[in-house]
Amino acid sequence: MAQLRRTLGVLKEEQDHGVRAPQPTIDALPGLVEHVNRTQVHVRLTVEGERRDLPADADLAAYRIVQEALTNTVKHAGARAAEVLLRWTDHELEITVTDDGQGHGGADPGWRRGGDGLIGIGERAAACGGTAEAGPLPGGGFRVSATLPCAAAVAA
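One structure accompanies this document, and this report is about it. These numbers were taken from a predicted model, which means no experiment stands behind them.

### As for the overall build of the protein
At step 1: Within the protein, the secondary structure is distributed over five helices and five strands.
At step 2: Put simply, the protein has 156 residues, and 38% of those count as buried.
At step 3: Considering only residue pairs separated by 6 or more positions, the protein has 68% of its internal contacts joining residues 24 or more positions apart.
At step 4: Summing over all exposed atoms, the protein offers an accessible surface of approximately 8700 Å²; the carbon and sulfur share of this is 52%.

### As for the nonpolar core
At step 1: If you look at the biggest cluster of nonpolar residues, it comprises 32 residues, and the most contacted ones within it are Ile26, Val43, Val66, Leu70, Leu93, Ile95 and Leu148.
At step 2: If you list the elements that add at least two residues to this core, you get α2 (29-36), α3 (56-77), β2 (81-88), β3 (92-99), α4 (116-127) and β5 (142-149).
At step 3: When residues no more than four places from it in sequence are discounted, the contact partners of Leu70 are Leu32, Val36, Val43, Ala82, Val84 and Val97.

### A short note on the sheet that holds strand β4 (residues 131-136)
At step 1: One open sheet holds the five strands; their spatial order is β1-β2-β3-β5-β4, and the pairing between them is mixed. Bordering the open sheet on either side are β1 (42-48) and β4, each of which pairs with just one other strand. Each adjacent strand pair in this sheet contributes to an overall mean axis angle of 10°, direction not counted.
At step 2: Where β2 meets β3, seven bridges bridge the pair, whose relative direction is antiparallel. Bridge assignment links Arg87 to a residue of β3, and that residue is Glu94.
At step 3: Strands β1, β2, β3 and β5 of the sheet are contacted by α3, whose axis makes an angle of about 5° with β3.
At step 4: Lying over the sheet, α4 contacts β4 and β5, oriented at roughly 155° with respect to β4.

### Describing the pairing of β3
At step 1: Connecting β2 to the antiparallel partner β3 that follows it, the hairpin turn spans three residues.
At step 2: Pairing analysis gives eight bridges linking β3 to β5, with the strands arranged antiparallel. Among the inter-strand pairings, Asp99 is bridged to a residue of β5, identified as Phe142.

### Details of the pattern of salt bridges
At step 1: Taken as a whole, this structure holds eight salt bridges when the rule is applied.
At step 2: Linking Glu94 and Arg87 is a salt bridge whose minimum nitrogen-to-oxygen distance equals 3.4 Å.
At step 3: A relative accessible area of 31% places Arg87 in the partly exposed class.
At step 4: Each of Glu48, Arg87 and Glu94 takes part in salt bridges that share partners, so that together they form one network.

### Concerning α2
At step 1: Where α2 is concerned, the buried positions are Leu29, Leu32, Val33 and Val36. All buried residues of α2 lie within an arc of 100° about the axis, which places them on one face of the element.
At step 2: Where α2 is buried, its residues touch β1, α3 and β2.

### A word on the packing of α2 against α3
At step 1: Where α2 contacts α3, the two axes come as close as 11 Å, and the packing angle between them is 5°. Judged on the interaxial angle alone, α3 and α2 are roughly parallel. Here Leu29, Leu32 and Val36 of α2 lie close against α3, whose contacting residues are Tyr63, Val66, Gln67, Leu70 and Val74.
At step 2: For the contact of α2 with α3, the residue count by class is seven nonpolar, one polar and no charged.

### Considerations on α3
At step 1: Between the first and last C-alpha of α3 there are 30 Å, a value that for 22 residues agrees with the 32 Å anticipated at 1.5 Å per step.
At step 2: Downstream of α3 by a residue or two, Gly78 has a phi angle that is positive, lying close to 65°.

Rules used throughout
- Here the residue numbering is sequential within each chain, running from 1 through the sequence in written order.
- For a predicted model such as this one, the threshold for reporting local features is a pLDDT of at least 70, and the threshold for listing and counting side-chain atom pairs is 80 or more; totals across whole chains, interfaces and linings nevertheless cover every residue.
- Processing note: side-chain calculations cover all non-hydrogen atoms of the structure and skip hydrogens and water entirely.
- The helix and strand labels rest on DSSP assignments: H or I over at least four residues marks a helix, E over at least two residues marks a strand, and numbering proceeds from the N terminus.
- Relative accessibility under 20% of the residue-type maximum defines a buried residue, over 50% an exposed one, and the middle range a partly exposed one, all with a 1.4 Å probe and only protein chains included.
- Every residue pair with non-hydrogen atoms within 4.5 Å of one another is taken to be in contact.
- The method behind every accessible area is Shrake-Rupley, applied with a 1.4 Å probe, and residues are considered shielded solely by the protein chains displayed.
- What makes a nonpolar core is a set of buried Ala, Val, Leu, Ile, Met, Phe, Trp, Tyr and Cys residues whose side-chain atoms join them at distances within 4.5 Å.
- When DSSP finds at least two bridges between two strands, those strands are taken to pair.
- Working convention: axes come from line fits to C-alpha atoms, limited for helices to the stretch in contact. Angles between N-to-C directions cover 0 to 180 degrees.
- We define a salt bridge as a contact between a side-chain nitrogen of Lys or Arg and a carboxyl oxygen of Asp or Glu at a distance within 4 Å.
- The directions from the helix axis to the C-beta atoms are what the arc is built from.
- Small angles under 35 degrees read as roughly parallel and large ones over 145 as roughly antiparallel, with 65 to 115 read as roughly perpendicular and the rest as oblique.
- In this classification, the charged set is Asp, Glu, Lys and Arg, the nonpolar set is Ala, Val, Leu, Ile, Met, Phe, Trp, Tyr, Cys and Pro, and all remaining amino acids, among them Gly, are polar.
- Under the convention used throughout, the expected extent of a helix is 1.5 Å for every residue step, that is, one less than its residue count.

Structure below.
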């Protein structure tokens, strides 16, 4: 729905001769990680595999999925550290965001039960032909993972 609203907004702005800033892509993730590193959470970004082209909607979705997962980590997890792993395969991008938060001791674990953020992550991935899941890790922490198809996989 959000992507549809954004598209309609762009069309309306074009009619009104408005200017719209470009949407962030996966290339902006190092800056996002740098921004989060200025909080109480230390984030490490790891990239594995050879970068592939993503369809425009998947490129935006990849950024927004990581952004939402890190926002939840900072606001709700009580975490000290997080890792963003981008794993490129021949046909897809696998995104994994993990944190060491406990979801207690003053932190609000409500988002971990399927709040709007997690629902949005799932919807963004599905809208691009991908999948997403989230849940607690054994021994503490939380993981958000998503898989998005690369452009070659979508074209095939």
